[in-house]
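Remarks on the overall topology
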2 protein chains.
Amino acid sequence: MRLVTNEFAPLKQVSVKDGFWSRYQEIAREKIIPFQWRAINDDVPGIEPSHAIRNFRIAAGLEEGDFGGLVFQDSDVAKWLEAVAYRLSTHPDPELEKTADGVIDLIAQAQEEDGYLDTFFQIAEPDRKFTNLNECHELYCAGHMTEAAVAYYEATGKDKLLNVMRRCVDLIDRTIGPEEGKLHGYPGHPELELALCRLYRATGEERYLKLCAYMINERGTEPFFFEEELKKRGYTAFWGGGRQEHVDKEYNQAHKPLKKQTEAIGHSVRAGYLYTGAADLAAETGDGELARAMETLWNNVVNRQMYITGAVGSQVHGEAFSFDYHLPNDTVYGETCAAISMVFFASRMLRMDSDRKYADVMERLLYNGTISGMALDGQHFFYTNPLAMWEEATKRAGVTRHIRSKRPGWFGCACCPPNLARMITSLGGYVYSSSDDTAYVHLYVGSDAELDVGGQTVKLSQTGNYPWDGRISFKPGAGKYRLALRIPGWARTFSVTVNGAKVSPGLEKGYAVLDGVWEDGDEVILDLPMPVEFVEANPLLRADNGRVAIMRGPVVYCLESADNGEDLDALQVVCADGFRAEEDGTLFPGMVKLVGPALRRKPWNTDALYRRADCAELEECEITAIPYAFWDNREDTREMIVWIRK
Amino acid sequence: MRLVTNEFAPLKQVSVKDGFWSRYQEIAREKIIPFQWRAINDDVPGIEPSHAIRNFRIAAGLEEGDFGGLVFQDSDVAKWLEAVAYRLSTHPDPELEKTADGVIDLIAQAQEEDGYLDTFFQIAEPDRKFTNLNECHELYCAGHMTEAAVAYYEATGKDKLLNVMRRCVDLIDRTIGPEEGKLHGYPGHPELELALCRLYRATGEERYLKLCAYMINERGTEPFFFEEELKKRGYTAFWGGGRQEHVDKEYNQAHKPLKKQTEAIGHSVRAGYLYTGAADLAAETGDGELARAMETLWNNVVNRQMYITGAVGSQVHGEAFSFDYHLPNDTVYGETCAAISMVFFASRMLRMDSDRKYADVMERLLYNGTISGMALDGQHFFYTNPLAMWEEATKRAGVTRHIRSKRPGWFGCACCPPNLARMITSLGGYVYSSSDDTAYVHLYVGSDAELDVGGQTVKLSQTGNYPWDGRISFKPGAGKYRLALRIPGWARTFSVTVNGAKVSPGLEKGYAVLDGVWEDGDEVILDLPMPVEFVEANPLLRADNGRVAIMRGPVVYCLESADNGEDLDALQVVCADGFRAEEDGTLFPGMVKLVGPALRRKPWNTDALYRRADCAELEECEITAIPYAFWDNREDTREMIVWIRK
């Protein structure tokens, strides 16, 4: 029995018209998609050629040459196609579609007779296909291209790429599985798992679900496939090239069966994709044990290893999780892609259980730790998302050398920018879901939608000025159904009116449920007051003891040196009450900044490093906090902090 | 004109009888020296054989075999001999001296006809002598053995090793220098420079000073010797073995002339030895420009890059300094050897200028960041000395993986233990100095000494219970001279009595100067009240904002989980007044621990990571602080912090 309790409204049926997100979607359309197109076509002077399209042309026999780029270069083309597909879902664009069709034709030409498709192996290592699942990303690339194929099919109805990827996956299915003679393997970098679930939903073909289940359940069992594979290869390592004795199986969550894992570990993007695929699988197959394992891992991530911005992956070593409550703010990795993968994971958990705890985290991610990866010009990107940045330390201290003080432009390993593009363009698909009798609103994103509530088609629209204002107006279309509005965990209070009359809806797992027979023209207004709040961390989270983060609504704020001078740790705040919210559209239309009182340690009139503490002097000052996601959009980015001393 | 304003009383003339240091000296005699003897003779089951003595036997033709150990393995023998020499200076021990004489005979046998002595090159690379000064430690080993030779000569009057090292240095002098055909080089790892100054003082031979001056002044000039040498070698690297295009010249302070350097940079032990040698050279030659450069670097280290414990080297990357005010407490390197090198540097600066600023730092180092490197059993050693330690993070987070939660036993690269041994055994040599008319007391170490004050031999003794008690009694021997007692920077007040009568001595650069004609039987009592103090860091030192360290006298205290439970950052202190000093000899005879009130954030009754800050609750508790140097001498070492939230 499937474990799906509510189904998201398909992207095609949600038209986003939102002060905040429409702008991001325009950035994706105007900047990221065209730029990435030029990048994968080696058409951007000054950046390392991507070779991504050229690799397909070579594999297709249209051009001579060597493979270029990284072993997972194909995925750049896939992510571009996927973002284009989402864009086309809601904003038809014949020219863009024509370009995409051309790429799809090329991909089809590059595919081999038996369905094989991976330009690295086709061009560079034709004799070594499927010999290094651990390191070589064949299944990862297939996963991304499968996601693109499903998205493009759902957007345009065209099935050419879908059929290409079905043939490709069929080959993988003939190659990997429990039967003798097949590889008892699974992806080194998870991604295909979640793609297989999508392919299953798009085609109804059970085989894909079964392959996914095999990969998820085989992972981490003994004898360890990656060790066996290494032995078979003669202990050769792909990265670095030398001899390798052992595989770091924790790095890619292959150290024990996923159902036995209770702690998020290893490379955080791999973890996020794996958990997403596993949650998907559990939902589709009704594997309750797997679903419970995913809830355990969810709780571990969210309650032990997630930054207040939603960032995950607290260390550069392995771009990985470290351990419970170890969340350093300055040496963090916090890869943009990892935060995005957590949006996917949240959506899959939410589909099984419409509990606000999932949507709250999704919201935390969307407004903070994901979009912080992109400058507001849409052309500069962070891979790492620190919660404290001291520019000189990023340049001169080994421990923070992976942190950038300024977002660099697009570069060689372009995983994060296109991942952001696909998240932003597909955002409408996370706003609403429905069950047999209930229309859920998970996100407060201005939009018009059509939902299927137990067979009846229901129109539902919302308008507002979120996340800057907590008052949101809903127009539920005619019908008899329950309207469930998420009351965010950050809200101290809320109020709801129906056609102007105050109502007191019951709360179900954090959703205010309004049961009724709706008529066209009805209006529901949800009001979520948004005072400035100081937030503290669990005392076990050692890095943040004695500090607060400033939030307003779902938005995490930060202090930048551009507003507050240097040495931000010399500042301390006392009370949130003195803070006022001020609209300031300089950085972003409608943006609200927070201004309030603070104390600053006075500079010393001695050159000493240490002195008796009884002479401490503080001076009053005013500080300005801006949304964390918008940091580093001005010239001066010498310092930034999220957690402020109290 | 020499820049020496005061000269330390030779070690032979200072007999240490001190509650604190005599115990450390006994640990050195009973544990470190015998253990190291067994270690360098490959006589300790369970640890990697050192091969150090065996290498000399092979080089001497007494045994067949390959070179074993690291390229600087010879220096272990040198440091052992040096520590033995210091021990013999004050505590004759015929059996130990016989053993040392045997080692010296072996070293003499190993030396080649032309004076060459470095068993690595003699055994393993006889054709590559002096081809890789940057990486291969030939001159470093020669430096350590020269120090041993001088120390042994001064201790025993025996000049066999001294002559061996004179021949060795003479060969280096024929090999390196400004003349055409010589190498225009200098040590990759400084150490020989300071040894040459000692050799000069022991022998009166100007040539050694000239060679030192050449090495110091040539360093960092263009064309860069290490680059030229690399080119000549065909771009081969010793460490790692691959091709190397460039030399990281900042790593060993060879990026620009030392006189132009204003900021401590690179590997911190290299820096400490280099600065020590340069200060020595400046003092002996009267090079005022060099002396000023060393004062600039001293000020940079002490006022910008030194932890409150005296530790230096804030990063594991290159075991190096990072930059001004970047002093993270948990990811620090703080190598024991680097702290020891700063004691040497301080002593050389103090010799040029009897300003308490140098002796204060020496004291800070001696009671805190140096001896923290050794367990009180004398058999376990820290190479890294963090100021905050969370055991789980040392095991599971890449950023702190270089930190040990427990001192390990002796191991392969045994630089720190024998370095501690030589510092501890030579401690008496840093207590007193004298000028023409003044006897200086720099350290409050119980001892009897004979000083040469302007030609008259003056007896001087002190007794007390420092660092636990600030009352020290002095017995100045008969004579007319000024007695200068350091008033530590940590002392708020002080009082002095002479034969029971209160006096008000003038202060000269932080020394209370008592001018008089002393008679045998006179007693001077210095009283330095030692309240418990909270110390704060400069606001520019970002890591310590909002925190205090607890000190009493020169001793920096810390909190350990053994006394205070886990999650030490959940604690905060309010005021030093509530703290009391309690004698507790469990860990160390006479040790004073500090007990006082604190507040602890209450554990949350929710599993969440974050919540609104207005519900913060604190509970009162009592905390116990122990001297930082003594941390990790009990079973439970899950956590330790020096800087406590206030």
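Relevant structure appears above.
Values in this document were obtained by computation on a predicted structure and should not be read as measured data. (Residues numbered from 1 in each chain as written. Chains lettered and ligands numbered in written order. Predicted model: local features only at pLDDT ≥ 70, side-chain atom pairs only at ≥ 80, totals over all residues. Heavy atoms only, no water.)

**Comments concerning the relation of the copies chain B and chain A**
To keep it simple, the criterion reads: C-alpha atoms of residues with pLDDT of at least 70 in both copies form the basis for the least-squares superposition of the copies.
Expressed as a screw transformation, the operator carrying chain B onto chain A has a rotation angle of 180 degrees and an axial translation of 0.0 Å, and the superposed copies differ by an RMSD of 0.0 Å. Taken together, the rotation and translation describe the operation of a two-fold axis. When C-alpha distances to the rotation axis are compared across chain B, the minimum falls at B:Val399, with a value of 3.3 Å.

**Focus: the interface of chain B and chain A**
The figure often quoted for interface size is the accessible area lost as the parts come together. To be explicit about the condition: The contact definition used throughout considers only heavy atoms, calling two residues in contact when any of these lie within 4.5 Å. Here the buried area means the combined drop in accessible surface, using a 1.4 Å probe, for two parts upon being joined, counting both sides. Take a side-chain nitrogen of Lys or Arg and a carboxyl oxygen of Asp or Glu: if they are within 4 Å of each other, that pair is a salt bridge.
Listed as interface residues are 64 residues of chain B and, on the opposing side, 64 residues of chain A. Carbon and sulfur atoms make up 52% of the area that chain B and chain A hide from each other, which totals about 5400 Å². Among the residues chain B hides against chain A, the three largest losses belong to B:Glu536, B:Arg542 and B:Tyr610. Together they make up 16% of the total. Connecting chain B to chain A are 12 salt bridges.

**Examining the pattern of salt bridges**
Applied cut-off: For the purposes of this entry, the term helix denotes a DSSP run of H or I that reaches at least four residues, the term strand denotes a run of E that reaches at least two, and both are numbered from the N terminus. Only protein chains enter the area calculation, which uses a 1.4 Å probe; residues under 20% of their type maximum are buried, those over 50% are exposed, and those in between are partly exposed.
For the structure on display, the rule yields 126 salt bridges over all chains. For the salt bridge of A:Glu392 with A:Arg396, the shortest nitrogen-to-oxygen distance reads 3.2 Å. Note that A:Glu392 and A:Arg396 are positioned in helix α15 (residues 391-396) at a spacing of 4 residues, about one turn of the helix. Looking at A:Glu392, the relative accessible area reads 33%, which means it is partly exposed. Classification of A:Arg396 as partly exposed rests on a relative accessible area of 25%. One salt bridge in this structure joins B:Asp280 and B:Arg348, with 3.0 Å as the shortest N-O distance. Linking B:Asp280 in helix α11 (residues 268-285) with B:Arg348 in helix α13 (residues 336-352), this pair joins segments that are 68 residues apart in sequence. Owing to a relative accessible area of 0%, B:Asp280 belongs among the buried residues under this scheme. For B:Arg348, a relative accessible area of 9% puts it in the buried group.

**Let's talk about the packing of α13(B) against helix α14 (residues 356-370) of chain B**
Residue and element names in this part refer to chain B. Heads up, the condition is: Each axis is a line fitted through C-alpha atoms, taken for helices only over the stretch in contact, and angles between the N-to-C directions span 0 to 180 degrees. Should an angle fall under 35 degrees it is taken as roughly parallel, and over 145 as roughly antiparallel, whereas 65 to 115 is taken as roughly perpendicular and any remaining angle as oblique. Here is the rule for handedness: rotate from the far helix to the near one, and if that takes an anticlockwise turn smaller than a right angle the crossing is left-handed, while a clockwise turn gives right-handed. Put simply, Ala, Val, Leu, Ile, Met, Phe, Trp, Tyr, Cys and Pro go in the nonpolar bin, Asp, Glu, Lys and Arg in the charged bin, and everything else, Gly too, in the polar bin.
Between α13 and α14, whose axes approach to 9 Å, the crossing angle comes to 160 degrees. As far as their axial angle goes, α14 and α13 are roughly antiparallel. Between α13 and α14 the crossing geometry is left-handed. Here Thr 336, Ala 339, Ile 340, Met 342, Val 343, Ala 346, Ser 347, Met 349 and Leu 350 of α13 lie close against α14, whose contacting residues are Tyr 358, Ala 359, Met 362, Leu 365, Leu 366, Gly 369 and Thr 370. Tallied by class, residues from the contact of α13 with α14 come to 12 nonpolar, 4 polar and no charged.

**Observations concerning the side chain of A:Asp280**
The condition is simple: The definition of a polar contact used here is a pair of N or O atoms within 3.5 Å, where within protein one atom must be able to donate a hydrogen and the other to accept one, and adjacent residues in sequence count solely through side-chain atom pairs.
Separated by 3.0 Å, the side chains of A:Asp280 and A:Arg348 make a polar contact. Discounting residues that sit within four places of it in the chain, A:Asp280 has contacts with A:Leu194, A:Cys197, A:Arg201, A:Arg348 and A:Arg351.

**Points about the pairing of strand β16 (residues 547-552) of chain A**
All names here are of chain A. This is how it is decided: Strand pairing is assigned whenever DSSP detects at least two bridges linking the two strands.
A large share of β16 lies buried, amounting to 6 of its 6 residues. Going residue by residue along β16, you find Arg 547, Ala 549 and Met 551 tucked away on one face and Val 548, Ile 550 and Arg 552 tucked away on the opposite face as well. Sheet topology note: the strand β15 (residues 532-537)/β16 ladder contains 4 bridges and is antiparallel. Residue Val 532 lies in a different strand from β16, and its bridge partner there is Arg 552. The sheet contact formed by β16 and strand β24 (residues 643-645) spans 3 bridges and is antiparallel. From the neighbouring strand, Val 548 faces β24, where its bridge partner is Ile 644. As defined by bridge partners, β16 adjoins strand β17 (residues 555-560) across 2 bridges and the pair is classed as antiparallel. The residue bridging Arg 552 from the neighbouring strand is Val 555, located in β17.

**Quick notes on the packing of aromatic side chains**
When we look at a pair of aromatic rings, we describe it by the centre distance and by the angle of the planes. To be explicit about the condition: Each aromatic pair joins two rings of Phe, Tyr and Trp (for Trp, the six-membered one) with centres within 6.5 Å, and gets the label stacked for planes under 30 degrees apart, edge-to-face for over 60, and tilted for any other angle. Two limits define a charge over a ring: the Lys NZ or Arg CZ must be within 6 Å of the ring centre, and within 35 degrees of the ring normal.
Across all of its chains, the model carries 68 aromatic pairs over all chains by this definition. Note on B:Trp468 and B:Phe630: the rings are 6.2 Å apart at their centroids and 50 degrees apart in plane angle, and the pair reads as tilted. Taken as a pair, B:Trp468 in the loop between β7 (456-464) and β8 (471-476) and B:Phe630 in the loop between β22 (618-627) and β23 (639-641) lie far apart in primary sequence, 162 residues in all. For B:Trp468, a relative accessible area of 5% gives the class buried. Judged by its relative accessible area of 1%, B:Phe630 is buried. Among the aromatic residues, those joined into a cluster by ring pairs are A:Phe20, A:Trp21, A:Tyr24, A:Tyr367, A:Tyr444, A:Tyr466, A:Trp468, A:Phe474, A:Phe588 and A:Phe630. Just above the ring of B:Phe588 sits the side chain of B:Arg23; from NZ or CZ to the centre is 5.6 Å. Sitting over the ring of B:Phe224, B:Lys249 keeps its end group 4.6 Å from the ring centre.

**Some thoughts on the pairing of strand β15 (residues 532-537) of chain B**
The element β15(B) is largely enclosed, with a buried count of 6 among its 6 residues. Neither face of β15(B) is exposed, since B:Val532, B:Phe534 and B:Glu536 on one face and B:Glu533, B:Val535 and B:Ala537 on the opposite face are all buried. Inspection of the sheet shows strand β21 (residues 610-612) of chain A paired to β15(B) by 3 bridges, in the antiparallel sense. Bridge pairing in β15(B) links A:Arg611 to B:Glu536.

**With respect to the sheet that holds β8(B)**
Residue and element names in this part refer to chain B. In space, the 7 strands of this open sheet follow the order β2-β6-β7-β8-β14-β10-β11, with antiparallel pairing throughout. Strands at the two margins of the open sheet, each flanked by one partner only, are β2 (14-16) and β11 (501-503). Taking the axes of each pair of neighbouring strands and ignoring which way they run, one obtains an average angle of 25 degrees across the sheet. The pairing of strand β10 (residues 495-498) with strand β14 (residues 524-527) spans 4 bridges and is classified as antiparallel. Within β14, the residue paired with Thr 497 across the bridge is Ile 525.

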